[in-house]
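The lines below spell out each chain.
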Amino acid sequence: MKKVLLGNEAIVQGALKSGVDFVSGYPGCPSAEIGDEFGRIAEKEGVYAEWSINEKVALEASIGASFSGLKSLVNMKSFGANVCSDSLLPLAYTGIKAPMVIIIADDPSCYSSAQSEQDSRGFAYLSHLPMLEPADPQECYDFTILAFEMSEKFKLPVILRTTTRVNHQRAIVQLEERENRTNRNVGQFVKNPHQFCTMPPRVLEMKKELLEKINKIESFSEKSKANKINGKVNSAKIGIITSGVSYLHTISAQNDLGLNLPILKLGFFHPLPKKKIINFVKNFKKVLIAEEVEGYLQKEIAAICKEENIKVEILGKDLLPEIGELNSEIIRDTLAKLTGKKYKIENLKTIVTPKRYPRLCEGCPYWNIFPIIKRIAPENTVFGGDIGCNMIAGLPPHNMQDYLFSMGASMGISHGVKKSTTQKVISIIGDGTFFHAGISGLINTIYNKSNPLIIVCDNRITAMTGHQQNPGTGKNLMGEDVIEIKIEEVARACGVKNVKTLDPINKEEMENTVKEFLEKDDVSVIICKRICAILARRQKQ
Amino acid sequence: MKKDFNIIMTGVGGQGLITLVSIIDEAGLIEGYDVRSSELHGLSQRGGSVEIHIKFGQKVNSPLISKGTADLILGLEISESLRSSVFAGSKTKFLINNHSVVYLGGLPVDDVLTSLQKLVGKDNLYLVEASKVCQEKLDKEVLSGVYLLSYAVSKKIIPLSKESVIKAMENLIPEKYLELNKKAFQLIYD
């Protein structure tokens, strides 16, 4: 059956085809639609699906499922890999019992990512784990299936590393028939501390086992169709090695120039098919490595050539940008330079249109929160920002954000600033982010006797990534009613004495509370509770 | 169709662009084309500029359209349509909803319209009152995208048939909203 699917939807279909039982993740852009889609279909498909409170717990939940014999899929955006890495590295050592695939979705050009232009391929080196890179929705489907097969065969989790232009690319996907199942599988945990417990001296044996597995996967990678060659190798002086969506840009660039240079498209980022690479590069004088963001492939391939004494010029980041995504124009211009081909495109004169920044939606409760805080705060107040819709506080017309880092980081940094200065500190965080990584920062603030004013913008949903439920909303991903964890109760239980929950639409109460709490000697928390405007409109319909 | 048909669809987050791209892609599939598009979600959607690339043809490769090679700029908002003129060449058609979502630091509406007229020229510029018509006739401004698409189909600005687009809507739009969307599509033919 042929269907137009978003890359993320194709991953879901691939996982279903592979018989996935257990799905855990944390919503982020560009991966969020994977979990969202599972939330919609889980019950009907006999799958368990959850939004975990952060990516570390998400990975751990799937580890538990795998150790109990269930096939699992973990999904997260780039920065989630940082959060879960503490458990990812030992997981490489233990390996899995039932197959596990981990989706890590990067965002070159930072379209929806505040904190850095992270290239998560580096985690393959850090963890040793196998990593595949699809180029489009068809490969999202095929590679998810391949990743489950590899995981089963080699008893390791397999990482599928995607990018925004793959996750949010729509294209036609050829889907295979699959069995329908309606009942959820029940696993069984068979005790096996020899495999599941990392402790010295066993842990070093495990490392040896891991490295042996990776050697075997390298041989598998050599034979895999996921690494493929386009074009006739013997007739050209220049070859191209590429991966991910850059492959599609490269084909378009060649079509524009009327070129047909041979391309080695790598579906495996780790381990690389060394022999295949050697057999490819030795035919050319020059090889262009067309990869996005970091020059990992370039470095690896240059090292392979040196080792094998192959006289070929490996070009990459010397010609292509290390910052921002690639596209066919950038690759076309680079190929034109390399081959001496001329290409002319006539486009309309550009008229500079002032940038339209993301802004709070119409009716957003934060329209009440930010101006009041800004008005009441004394001069020189430091404003901490965090990830989520509240980070729009840093943009015009609000301009009230003095630092922005990672999920929950406002808590720790605000505490540090407060301890280091005599300035007032107001730290702003959303409800979802509070549960993700804010709580530990809050506990540290209390424990170490700091006194920033913490404002939790509780809009009753994880809004920015597409309105996902969180522990404060009373619902989970599969739509079950669950205990609503109240942020004010968490704060009080941690020992915060100055806690107030209010509706920011009540301006006077909001103003008075901010004024009062700014004078406190110990930490204060104001929970501004009002539903996201988009969600409120949807609920009305 | 010899080469790919390239559409830059542009507007502001919340204007229903994701639904519209799904309909166009599905209609492309129904017509037997290869189809590829690229969209953005998340932060960029929150009231910011949204620029979606859509390609269909015999065999589509890169999901992104190069500067100067768009066949059609399908603009749901005037300033955003002007912004995406970088993708246009001298033959590119601009089908634009005469609707402005004002923003801090943005150009005045008259300046945007004058710039568009100067830049694109009479023959290629279609300025359509999609928002106004949908608000007046259906009390739903958000259907302006579907109306704009129907305009493109009826005037043969886009190589998709009316039947394919309606079938695509039937395949994709939840039943609850389907009739309303079909009505918005039919307005141009009434």
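From a predicted model like this one, the values you see are computed outputs, not experimental measurements. (Residues numbered from 1 in each chain as written. Chains lettered and ligands numbered in written order. Predicted model: local features only at pLDDT ≥ 70, side-chain atom pairs only at ≥ 80, totals over all residues.)

1. With respect to the overall build of chain A
Here is step 1: Looking only at helices and strands, one finds 19 helices and 20 strands in chain A.
Here is step 2: For 541 residues, the compact-globule formula gives about 24 Å, and the C-alpha radius of gyration of chain A, at 25 Å, lands near that figure.
Here is step 3: Counting only C-alpha atoms and orienting by the principal axes, one finds that chain A spans roughly 75 × 65 × 50 Å.
Here is step 4: Looking at the 541 residues of chain A, the share that counts as buried comes to 52%.
Here is step 5: Taking the contacts inside chain A whose residues are at least 6 apart along the sequence as the reference set, 80% of them involve residues at least 24 apart. (Helix = DSSP H or I, 4+ residues; strand = E, 2+ residues; numbered from the N terminus. Rg over C-alpha atoms; globule rule 2.2 N^0.38 Å. Buried ≥ 20, exposed ≤ 12 C-beta atoms within 10 Å, placed from the backbone. Contact = placed C-beta atoms within 7 Å.)

2. Regarding the interface of chain B and chain A
Here is step 1: Counting residues at the interface gives 43 residues for chain B and 41 residues for chain A.
Here is step 2: If you list the elements that add at least two residues to the side of chain B that touches chain A, you get helix 1 (17-30), strand 2 (34-38), helix 2 (78-83), strand 5 (88-97) and helix 3 (109-120) of chain B.
Here is step 3: Of the residues forming the side of chain B that touches chain A, the biggest block, five residues, is contributed by strand 2 of chain B.
Here is step 4: Partitioning the side of chain B that touches chain A into residue classes produces 14 nonpolar, 21 polar and eight charged.
Here is step 5: Relative to strand 2 of chain B, strand 8 (residues 169-174) of chain A runs antiparallel, the two being bridged by three bridges. Residue pairing for strand 2 of chain B: Ala 171 of chain A is matched across the bridge by Arg 36 of chain B. (Nonpolar A, V, L, I, M, F, W, Y, C, P; charged D, E, K, R; others polar. Pairing = 2+ DSSP bridges.)

3. Here's the deal with helix 11 (residues 274-281) of chain A
Residues three or four positions apart in an α-helix share a direction because the helix packs 3.6 residues into each turn.
All names here are of chain A.
Here is step 1: Those residues of helix 11 that fall on the buried side of the exposure criterion are Ile 277, Phe 280 and Val 281. The arc that holds the buried residues of helix 11, viewed along the axis, is 85 degrees, so those residues lie on one side.
Here is step 2: For helix 11, the secondary structure elements touched by its buried residues are strand 9 (228-230), strand 10 (238-243), strand 11 (263-266), strand 13 (286-290) and helix 12 (296-308). (Arc of directions from axis to C-beta.)

4. Focus: the sheet that holds strand 1 (residues 5-12) of chain B
Here is step 1: Across the sheet, eight strands lie side by side as 1(A)-8(A)-2(B)-3(B)-1(B)-4(B)-5(B)-6(B); this open sheet has mixed pairing. At either margin of the open sheet sits one strand with a lone partner, and together these are strand 1 (2-6) of chain A together with strand 6 (125-128) of chain B. Across the sheet, the mean angle separating the axes of adjacent strands is 20 degrees when strand polarity is ignored.
Here is step 2: Looking at chain direction, strand 2 of chain B and strand 3 (residues 49-57) of chain B are connected through five bridges and run antiparallel. Bridge assignment links Ser 38 of chain B to a residue of strand 3 of chain B, and that residue is His 53 of chain B.
Here is step 3: Against the sheet, helix 6 (residues 137-154) of chain A engages strand 1 and strand 8 of chain A, with an angle of about 55 degrees to strand 8 of chain A.
Here is step 4: Helix 1 of chain B rests against strand 1 and strand 8 of chain A together with strand 1, strand 2 and strand 3 of chain B of the sheet, and its axis sits at about 0 degrees to strand 3 of chain B. (Axes fitted to C-alpha atoms, helices over the stretch in contact; angles between N-to-C directions.)

5. Here's the deal with the sheet that holds strand 11 of chain A
All names here are of chain A.
Here is step 1: In spatial order, the strands read 9-11-10-13-14; together these five strands make up an open sheet with mixed pairing. The open sheet is flanked by strand 9 and strand 14 (313-315), the only strands paired with a single partner. Strand-to-strand twist of the sheet, defined as the mean angle between neighbouring strand axes without regard to direction, takes the value 20 degrees.
Here is step 2: With five bridges joining them, strand 10 and strand 13 adopt parallel strand pairing. Its bridge partner being in strand 13, Gly 239 is matched across the sheet by Val 287.
Here is step 3: Most of the contacts of helix 10 (residues 246-257) go to strand 10, to which it runs at about 145 degrees, and overall it touches strand 10, strand 11 and strand 13.
Here is step 4: Docked against the sheet, helix 13 (residues 328-339) engages strand 10 and strand 13, running at close to 170 degrees with respect to strand 13.

6. Overview of the domain arrangement of chain A
Here is step 1: We note that the domain assignment places domain 1 (2-223), domain 2 (228-339) and domain 3 (366-540) within chain A.
Here is step 2: The distance between the C-alpha centroids of domain 2 of chain A and domain 3 of chain A comes to 47 Å. (Domains from an automatic or database assignment.)

7. Examining the packing of helix 15 (residues 409-420) of chain A against helix 16 (residues 431-447) of chain A
Helix packing for two helices is described by the angle between their axes and how far apart those axes are.
All names here are of chain A.
Here is step 1: One way to put it is that helix 15 packs onto helix 16 with a least axis distance of 7 Å and a crossing angle of 20 degrees. On the basis of their axis angle, the class for helix 15 and helix 16 is roughly parallel. Packed against helix 15, whose contacting residues are Met 411, Gly 412 and His 415, the element helix 16 presents Gly 438, Gly 441, Leu 442, Asn 444 and Thr 445 at the interface.
Here is step 2: Of the residues contributing to the contact of helix 15 with helix 16, the split by class is two nonpolar, six polar and no charged. (Parallel < 35°, antiparallel > 145°, perpendicular 65-115°, else oblique.)

8. Quick look at helix 13 of chain A
Residues and elements named next belong to chain A.
Here is step 1: The end-to-end C-alpha distance of helix 13, which contains twelve residues, comes to 16 Å, matching closely the 16 Å that a straight helix rising 1.5 Å per residue would cover.
Here is step 2: Taken together, the buried positions of helix 13 are Ser 328, Glu 329, Ile 331, Arg 332, Thr 334 and Leu 335.
Here is step 3: If you follow the buried residues of helix 13, they end up packed against helix 10 and strand 13.
Here is step 4: After helix 13 finishes, the residue Gly 340 shows a positive phi value of roughly 75 degrees. (Expected span 1.5 Å × (residues − 1).)

9. Let's talk about the pairing of strand 18 (residues 453-458) of chain A
Residues and elements named next belong to chain A.
Here is step 1: Counting buried positions along strand 18 gives six out of six residues, so the element sits mostly inside the fold.
Here is step 2: Burial of strand 18 is two-sided: the residues Leu 453, Ile 455 and Cys 457 facing one way and the residues Ile 454, Val 456 and Asp 458 facing the other way are all buried.
Here is step 3: Looking at chain direction, strand 17 (residues 425-430) and strand 18 are connected through five bridges and run parallel. Counted as the bridge partner of Ser 427 is Ile 454 from strand 18.
Here is step 4: Considered for its hand, the β-α-β crossover made up of strand 17, helix 16 and strand 18 is right-handed.
Here is step 5: When strand 18 meets strand 20 (residues 524-529), the two strands line up parallel, connected through six bridges. Each bridged residue has a counterpart across the sheet, and for Ile 454 the counterpart in strand 20 is Val 525. (Right-handed = clockwise from strand over helix to strand, strands pointing away.)

10. What about the environment of Pro 358 of chain A?
Here is step 1: Considering the arrangement of structural elements, one finds Pro 358 of chain A in the loop between helix 13 and helix 14 (366-376).
Here is step 2: Distance from Pro 358 of chain A to Ile 392 of chain A, taken between C-alpha atoms, is 7.1 Å for residues 34 residues apart in sequence.

11. Some thoughts on the environment of Asn 390 of chain A
Residue and element names in this part refer to chain A.
Here is step 1: Along the polypeptide, Asn 390 turns up in the loop between strand 15 (382-385) and strand 16 (403-404).
Here is step 2: A count of 28 C-beta atoms within 10 Å places Asn 390 in the buried class.
Here is step 3: Placed 239 residues apart in sequence, Asn 390 and Ser 151 show a C-alpha to C-alpha distance of 39 Å.
Here is step 4: Discounting chain neighbours no more than four positions away, the residues touching Asn 390 are Tyr 366, Gly 385, Ile 428, Ile 429, Gly 430 and Cys 457.

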